[in-house]
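Breakdown of the fold
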Amino acid sequence: MVQISVIGAGSVVFTGRLIVDLCLTRSLFSSTVVLMDIDKKRLNMMYNLATKYAREMNTDLSIKKTMDREEALNGADFVINTVKVGGYEPMEIERKIAENHGYYRGSGDRVSDYYGGIGAFHQLKFFLDLASDVEEICPDAWLIQAANPVFEGTTLISRETKAKVVGVCHGHSGYIDVLKTLDLKQEDVTVKMAGFNHNIWLVDFLYNDENAYPILDQWIKKKAEEYWKSDEYLNSPPWTAEQMSPAAVDMYRIFGLFPIGDTLRSASPWWYHTDLKTKQRWFGPSGGFDSEIGWSMYLDLLREVLEQMRVWASDPGTALTEVYPPTFSGEQHIPFIDAIANDKKVQLQLNIPNKGMISGIPDDVVVEVPVLVDRIGVRAIRIGQLPKRLMLHVMMPRMLRMEQVLQAFLDGDRESLLLMIAEDRRTRSFEDARALLEEQLGESWNSEAAKHYK
Ligand code: NAD
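Rules used in this analysis
Residues numbered from 1 in each chain as written. Predicted model: local features only at pLDDT ≥ 70, side-chain atom pairs only at ≥ 80, totals over all residues. Heavy atoms only, no water. Helix = DSSP H or I, 4+ residues; strand = E, 2+ residues; numbered from the N terminus. Rg over C-alpha atoms; globule rule 2.2 N^0.38 Å. Buried < 20%, exposed > 50% of the residue type's maximum accessible area, 1.4 Å probe, protein only. Contact = heavy atoms within 4.5 Å. Lys, Arg positive; Asp, Glu negative; His and termini not counted. Charge placed at Lys NZ, Arg CZ, Asp CG, Glu CD. Near = heavy atom within 4 Å. Polar contact = N/O pair within 3.5 Å; in protein donor to acceptor, adjacent residues only side chain to side chain. Areas by Shrake-Rupley, 256 points an atom, 1.4 Å probe, with all protein chains shown as cover. Nonpolar A, V, L, I, M, F, W, Y, C, P; charged D, E, K, R; others polar. Expected span 1.5 Å × (residues − 1). Bend = angle between axes of the 7 residues up to and from the residue. 1 Å grid on protein atoms, 1.4 Å probe; cavity = no way out; pocket = protein on both sides within 12 Å on 5 of 7 lines; lining within 4 Å. Points joined across faces, edges and corners; volume = space filled by probe spheres on them. Salt bridge = Lys/Arg side-chain N within 4 Å of Asp/Glu carboxyl O. Patch = residues over 30% accessible without salt bridge, like charges linked within 9 Å, V, L, I, M, F, W, Y side chains within 5 Å. Axes fitted to C-alpha atoms, helices over the stretch in contact; angles between N-to-C directions. Left-handed = near helix turned anticlockwise from the far one by under 90°.

**Points about the overall build of the protein chain**
Per the secondary structure count, the protein chain includes 22 helices and 13 strands. Taken against the 2.2 N^0.38 rule, which gives 22 Å for 454 residues, the C-alpha radius of gyration of the protein chain at 22 Å falls within 12% of a compact globule. Along the first, second and third principal axes, the C-alpha set of the protein chain runs to 55 × 55 × 45 Å. Relative to its 454 residues, the protein chain shows a buried fraction of 57%. For the protein chain, restricting intrachain contacts to residue pairs at least 6 apart in sequence, the fraction spanning at least 24 positions comes to 69%. Averaging the positions of the 50 positive and the 64 negative side-chain charges in the protein chain gives two centres separated by 2 Å.

As structure tokens, this is what we get:
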């Protein structure tokens with residue numbers, strides 16, 4: 001059976017869900033799972049939880065742990081990357097510095113920079129190191145890239161290494177919130193979403209094989225205003241509220257397709273994000289996922305989940321299957337592995353090089369599209385043209401930014417980093433942009449980046 005190696009196995013977001021999904025997938029029961037992390041305490045905690053869960057679920061999973069990456073990659077058929085270099089704290093320091101220079105909620109891309117630090121340096125460097133190791137130690141393994149930034153990261157790995165890489169993200173499941181709000185049953189609906197990671201759009205939306213966009217149009221016309229006053233909307237956490245927010249409806253009006261999931265965060269126009277009050281108008285009372293309120297709620301949630309895991313891991317009396325009931329998480333890692341390892345054809349939403357699927361995007365740019373997966377591998381479903389305005393005002397600028405981030409990283413080009421900050425519409429002068437960049441690179445966690453970008 002297969003060996004699945006999880007790098008960054010202390011991940012609060014992923015490891016628990018992956019273990020539950022594995023324990024529900026009988027055809028993978030005799031697999032070996034190798035958990036690898038550099039944080040010994042987190043690794044031990046996840047290992048204890050995973051072994052206990054697997055035992056309670058009566059699986060034959062063989063679960064191992066190691067702090068040695070080479071050991072984890074040895075013999076791997078699938079490598080899952082869930083690493084967050086340095087945790088979230090250093091990025092908050094960078095954000096604070098940018099705010100002191102007048103950039104509300106930080107400079108640059110609302111999601112990618114924050115998840116990878118300045119120029120996404122720490123994450124991209126780690127991704128390339130890991131993919132090079134995969135090339136060398138387990139060249140036939142699939143590398144499942146879940147760590148952010150998925151768009152930049154998967155494109156970088158697929159261009160610079162021979163590792164067989166796919167990017168995964170659970171953001172596309174935002175379409176389920178669309179169906180819930182419209183009161184449509186999932187089994188009666190067919191959807192196709194396409195774009196870049198954190199920038200995907202509902203290109204096909206069928207209800208009982210008929211175009212369902214008119215149902216959405218009717219909801220917008222007759223029910224949206226009432227919904228935005230409802231407790232359901234006003235009390236939803238930001239990551240749920242965003243999906244059917246005024247921002248989503250306005251983006252649909254402007255670009256002609258409905259935005260899904262994290263698209264609301266990273267592909268929405270700047271004028272929804274100028275200050276907290278404006279964000280609240282567009283994204284609900286919390287001001288959306290990336291406002292000072294929404295992001296703090298998210299970090300608090302991560303801390304609470306971690307603390308809860310610690311308590312469960314250290315209490316042998318806790319029946320884990322009771323506190324963490326065995327239902328599929330909706331993550332795609334395990335269904336992907338099951339499809340390849342056991343030749344089960346499934347449709348997933350993955351990030352892979354475009355190769356003609358979306359017209360007008362170069363072949364070597366990674367796109368997020370529906371794909372069919374089985375033992376043969378990954379086959380994309382052709383999407384074709386996106387609306388022109390969406391292409392020119394959202395997709396192409398985002399693609400260009402990805403290219404700029406990768407060029408600056410690969411060439412160690414400090415001037416490129418500076419130009420990216422200078423182009424931010426809030427920049428008052430080139431000198432200010434330079435001062436911000438130098439201050440951020442002067443932070444101790446950026447000492448390696450400061451040497452890299454010459
Ligand atoms: P986390 O901080 O809880 O976990 C990251 C783990 O990586 C930690 O245990 C840390 O010790 C480990 N790590 C750091 N450097 C390492 C190294 N060099 N080698 C091995 N392990 C190392 O983070 P999280 O909140 O679980 O998020 C993990 C990643 O997943 C982030 O990049 C996040 O942005 C991303 N994410 C992706 C999605 C998606 O759907 N694709 C959703 C949420 C989060």
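**Overview of the site of the ligand**
Around the ligand sit 25 residues in total, of which Ser11, Asp37, Arg42, Tyr88 and Asn148 are the nearest. The backbone of Val12 places a nitrogen or oxygen atom 3.0 Å from an oxygen atom of the ligand. Within the complex, 92% of the 860 Å² of free accessible area of the ligand lies under protein. Across the shell around the ligand, the residue classes break down as 14 nonpolar, seven polar and four charged.

**Some points on helix α19 (residues 388-411)**
Between its terminal C-alpha atoms α19 stretches 32 Å, which fits the 34 Å expected from 24 residues at 1.5 Å a residue. Met395 marks where α19 bends most, by close to 35°; the proline Pro397 follows one to four residues later. Taken together, the buried positions of α19 are occupied by Leu390, Met391, Val394, Met395, Arg398, Met399, Met402, Val405, Leu406, Ala408 and Phe409. Positive backbone phi, approximately 55°, marks Gly412, located one or two places after α19.

**A look at unusual backbone geometry**
A cis amide bond links Asn148 with the next residue in sequence, Pro149, at an omega value of 0°. Topologically, Pro149 is positioned in the loop between β5 (142-145) and α7 (150-160). Although it is not a glycine, Arg105 adopts a positive phi angle of roughly 60°. Mapped onto the fold, Arg105 is located in the loop between α4 (89-100) and α5 (112-116). Unlike most non-glycine residues, Asp209 shows phi in positive territory, near 70°. With respect to the secondary-structure elements, Asp209 resides in the loop between β8 (199-207) and β9 (210-211). In this structure Asp209 comes out as exposed when scored by relative accessible area, which is 69%.

**Observations regarding empty space enclosed by the protein**
Unoccupied space between atoms shows up once a probe the size of one water molecule is rolled over them. If you walk through the whole model with that rule in mind, you get six cavities of 30 Å³ or more. If you add up the space inside the largest cavity, you get close to 180 Å³. Only α4, α5 and α20 (414-422) provide two or more residues apiece to the lining of the largest cavity. When residues of the lining of the largest cavity are assigned to their parent elements, the largest contribution, four residues, is made by α4.

**Points about the pattern of salt bridges**
The full count for this structure, using the stated rule, is 22 salt bridges. A salt bridge links Lys52 to Glu56; the shortest N-O distance between them is 4.0 Å. Taken together, the residues span about one helical turn, with Lys52 and Glu56 both in helix α2 (residues 40-56) at a distance of four residues. Judged by its relative accessible area of 28%, Glu56 falls in the partly exposed class. A salt bridge links Arg253 to Asp250; the nearest nitrogen and oxygen atoms lie 2.9 Å apart. Residue Arg253 and its partner Asp250 are located together in helix α13 (residues 246-255), separated by three residues, close to a single helical turn. According to the relative accessible area criterion, Arg253 is exposed, its value standing at 59%. Residues joined by salt bridges that share partners form a network here, namely Lys125, Asp129 and Glu448.

**Details of a negative patch on the surface**
Side chains of Asp68, Glu70, Glu71 and Glu136 sit close together on the surface and give a patch of like negative charge. Its location among the elements puts Glu71 in helix α3 (residues 69-73). Residue Glu71 is classed as partly exposed on the basis of its relative accessible area of 47%.

**Digging into α2**
Along an α-helix, residues three or four apart share an orientation, since each turn contains 3.6 residues. An ideal rise of 1.5 Å per residue puts 24 Å on 17 residues; α2 measures up with 24 Å between its terminal C-alpha atoms. Taken together, the buried positions of α2 are Leu43, Met45, Met46, Leu49, Ala50, Thr51, Lys52, Tyr53 and Ala54. Residues of α2 that are buried in the fold lie against α1 (15-23), β2 (32-36), β3 (62-66), α16 (292-314) and α17 (320-323). Phi turns positive one or two residues past the end of α2, at Asn58, with a value near 55°.

**Looking at the packing of helix α6 (residues 121-137) against α7**
When two helices pack together, their arrangement is given by the angle between the helix axes and by the axis-to-axis distance. The contact between α6 and α7 brings their axes to 10 Å, and the two run at 35°. Both α6 and α7 take part in a crossing whose hand is right-handed. For the pair formed by α6 and α7, the contact residues are Leu124, Phe127, Leu128 and Ala131 on the first element and Glu152, Gly153, Leu156, Ile157 and Glu160 on the second. Partitioning the contact of α6 with α7 into residue classes produces six nonpolar, one polar and two charged.

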